[in-house]
Amino acid sequence: MLKIGYLEMDSPLVVISPNNGSDEMCNFNGSAGLILVGSFNLDQVSLSEVKKAIEVVNADSPMGFSMTGSNRESLTEAAELAAGGGYLLDIECTGGSHLDEVADQVRVAKISGATVSVSFRPEALGDERMVARKLKEAGADLIHLDLTRTGNGRGKVIKRFSDSGGPKIMAQYDVANFDDAELLLSMGADLIALNGKTDPEFASWLSEALKTLEDLIGWYNAPKHICSGGDLRGLAFCCLPVKNCPIMGALRKLNITPRDFAEIKMELARGTPLEHGDGTCFGSLVWCCKITKPCFMRDAVLDRIGLSPRDYMKLKKKLAKDILTS
Ligand code: SF4
Ligand code: SF4
């Protein structure tokens, strides 16, 4: 379902173990796409203790560990442990962390070939665009955003990081129901991290619900439409830009004109099933809405050309990626 570095996850749900690992984490086997243990201060804890904590959990799911520490040598050893075991190395930013130092840690860890995430509270490292850019340049595979105390602004925080074009996003939040999860995902989170004190039955249910969503619509973290507050990936669902609506602000962020946007989108659709669309608002599926918005005109075209709703959304997912990298 998801590949980040060498990690292959069958669910976007991550569970973070309390108390540096515990055999109770086995309760999340089969539901968590990834189990993260820690955090370990490598200035105080030996790597053998990290290994032991991973072995205690003994999960079927992919695993990772969080660490802090200022020592370059122990960071290199931790990265080698991660790369050798196929674990995620989660570098945790402490109160006084500086972005350039963190980026340097990422570069050091990447030399060993580890898949690396950087964990921080949204306000900890400064301007989101700068953070996303520098961490991506340094080679980080994942941004681990701790949103547990962010409150109602959490969706907008994720959207700002997502729109900055940085690494993939793991949003840590005390998700209590499907709507909480959907909000994080629809704003650009790729993974959701739950506290290990979460009820395993709830985690299992949520994980299954997200897998079902992926099976049904082919894009488990599909964005909202731009006019509903979605992130820039939502441009894949935008109409032909012929009126003054929130698309104008989104295009300004990308520094492209409405005319260029129209040409880019038509060019990207050329030769794909999205070119079809007789009877839709703008004559092509490339301008059509998210599948969860009911529309008999779009659905009639999908029926006529034999394109399933799931494959339609997969094409929109690719379209979103191509628009943002064009
Ligand atoms: S172009 Fe259409 S979908 Fe996009 S923001 Fe405007 S009204 Fe919404
Ligand atoms: S035809 Fe339906 S799906 Fe397509 S743009 Fe119009 S309202 Fe949206």
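What counts as what
Residues numbered from 1 in each chain as written. Chains lettered and ligands numbered in written order. Predicted model: local features only at pLDDT ≥ 70, side-chain atom pairs only at ≥ 80, totals over all residues. Helix = DSSP H or I, 4+ residues; strand = E, 2+ residues; numbered from the N terminus. Rg over C-alpha atoms; globule rule 2.2 N^0.38 Å. Buried ≥ 20, exposed ≤ 12 C-beta atoms within 10 Å, placed from the backbone. Domains from an automatic or database assignment. Contact = placed C-beta atoms within 7 Å. Arc of directions from axis to C-beta. Core = buried A, V, L, I, M, F, W, Y, C linked by C-beta atoms within 7 Å. Near = placed C-beta within 6 Å. Nonpolar A, V, L, I, M, F, W, Y, C, P; charged D, E, K, R; others polar. Axes fitted to C-alpha atoms, helices over the stretch in contact; angles between N-to-C directions. Parallel < 35°, antiparallel > 145°, perpendicular 65-115°, else oblique. Left-handed = near helix turned anticlockwise from the far one by under 90°. Pairing = 2+ DSSP bridges. Right-handed = clockwise from strand over helix to strand, strands pointing away.

Draft legend 1. Expanded view of the overall build of the protein. Helix and strand counts for the protein stand at 11 helices and 10 strands. For the protein, whose C-alpha radius of gyration is 21 Å, the value lies close to the compact-globule estimate of 20 Å for 326 residues. Based on the C-alpha atoms only, the size of the protein along its principal axes is roughly 65 × 40 × 35 Å. Across the 326 residues that make up the protein, the buried fraction comes to 47%.

Draft legend 2. Structural context of the domain arrangement of the protein. Here the protein is partitioned into domain 1 (2–217) and domain 2 (226–325). In this structure, domain 1 and domain 2 have C-alpha centres spaced 32 Å apart. Counting residues at the interface gives nine residues for domain 1 and 10 residues for domain 2. Sorting the residues of the side of domain 1 that touches domain 2 by element identifies helix H5 (154–163) and helix H7 (200–217) as the ones contributing at least two each. Take the side of domain 1 that touches domain 2: its biggest share by element is three residues, from H5.

Draft legend 3. Structural view of helix H4 (residues 128–138). Among the residues making up H4, those that are buried are Glu128, Val131, Ala132, Leu135 and Ala138. Down the axis of H4, the buried set is contained in an arc of 135°. They therefore lie on one face. The secondary structure elements touched by the buried residues of H4 are helix H3 (99–111), strand S7 (115–120), strand S8 (142–146) and H5.

Draft legend 4. Focus on the nonpolar core. Among the nonpolar cores identified, the biggest contains 101 residues, and Val14, Val15, Ile35, Leu89, Val106, Ala171 and Ile192 are the most heavily contacted of them. Sort the elements by how many residues they give to this core and helix H2 (residues 72–85) lands first, with six residues. A domain-level breakdown of this core finds at least three residues from each of domain 1 (2–217) and domain 2 (226–325).

Draft legend 5. Layout of the site of ligand 2. The immediate surroundings of ligand 2 are formed by Cys239, Thr280, Cys281, Trp287, Cys288, Cys289, Cys295, Met297 and Arg298. When grouped by side-chain class, the residues that make up the shell around ligand 2 number seven nonpolar, one polar and one charged.

Draft legend 6. Focus on the packing of H2 against H3. It is the contact of H2 with H3, at a shortest axis distance of 8 Å, that shows an interaxial angle of 50°. The angle between H2 and H3 falls in the class oblique. Relative to H3, H2 is oriented so that their crossing is right-handed. Contacts between H2 and H3 involve Arg72, Leu75, Thr76 and Ala79 from the former and Gln105, Val108 and Ala109 from the latter. Classifying every residue of the contact of H2 with H3 by side-chain character gives four nonpolar, two polar and one charged.

Draft legend 7. Here's a closer look at the site of ligand 1. Taken together, the neighbourhood of ligand 1 is formed by His225, Ile226, Cys227, Phe237, Cys238, Cys239, Pro241, Cys245, Pro246 and Ile247. Looking at the shell around ligand 1 residue by residue, the class counts come to nine nonpolar, one polar and no charged.

Draft legend 8. Highlighting the pairing of strand S10 (residues 191–195). Here S10 lies mainly inside the structure; four of its five residues are buried. Taken together, the four bridges between strand S3 (residues 13–16) and S10 define a ladder with parallel strand orientation. Across the sheet, the residue bridging to Val15 is Leu194, located in S10. Inspection of the sheet shows strand S9 (residues 168–172) paired to S10 by three bridges, in the parallel sense. Within S10, the residue paired with Ala171 across the bridge is Ile192. At this point the chain moves from S9, through helix H6 (residues 178–186), to the parallel S10, and the crossover so formed is right-handed.

Draft legend 9. Molecular detail of helix H8 (residues 247–254). Of all the positions in H8, only Ile247, Ala250 and Leu251 are classed as buried. Across the axial projection of H8, the buried residues extend over an arc of 95°, all falling on one side. Pointing more than 90 degrees away from the buried face of H8 are the exposed residues Gly249, Arg252 and Lys253. Those residues of H8 hidden inside the fold are in contact with helix H9 (258–269). At the exit of H8 stands Asn255, carrying a positive phi of roughly 60°.

Draft legend 10. Region of the structure containing unusual backbone geometry. Here Asn255, not a glycine, exhibits a phi torsion of approximately 60°, which is positive. You can see Asn255 is positioned in the loop between H8 and H9.

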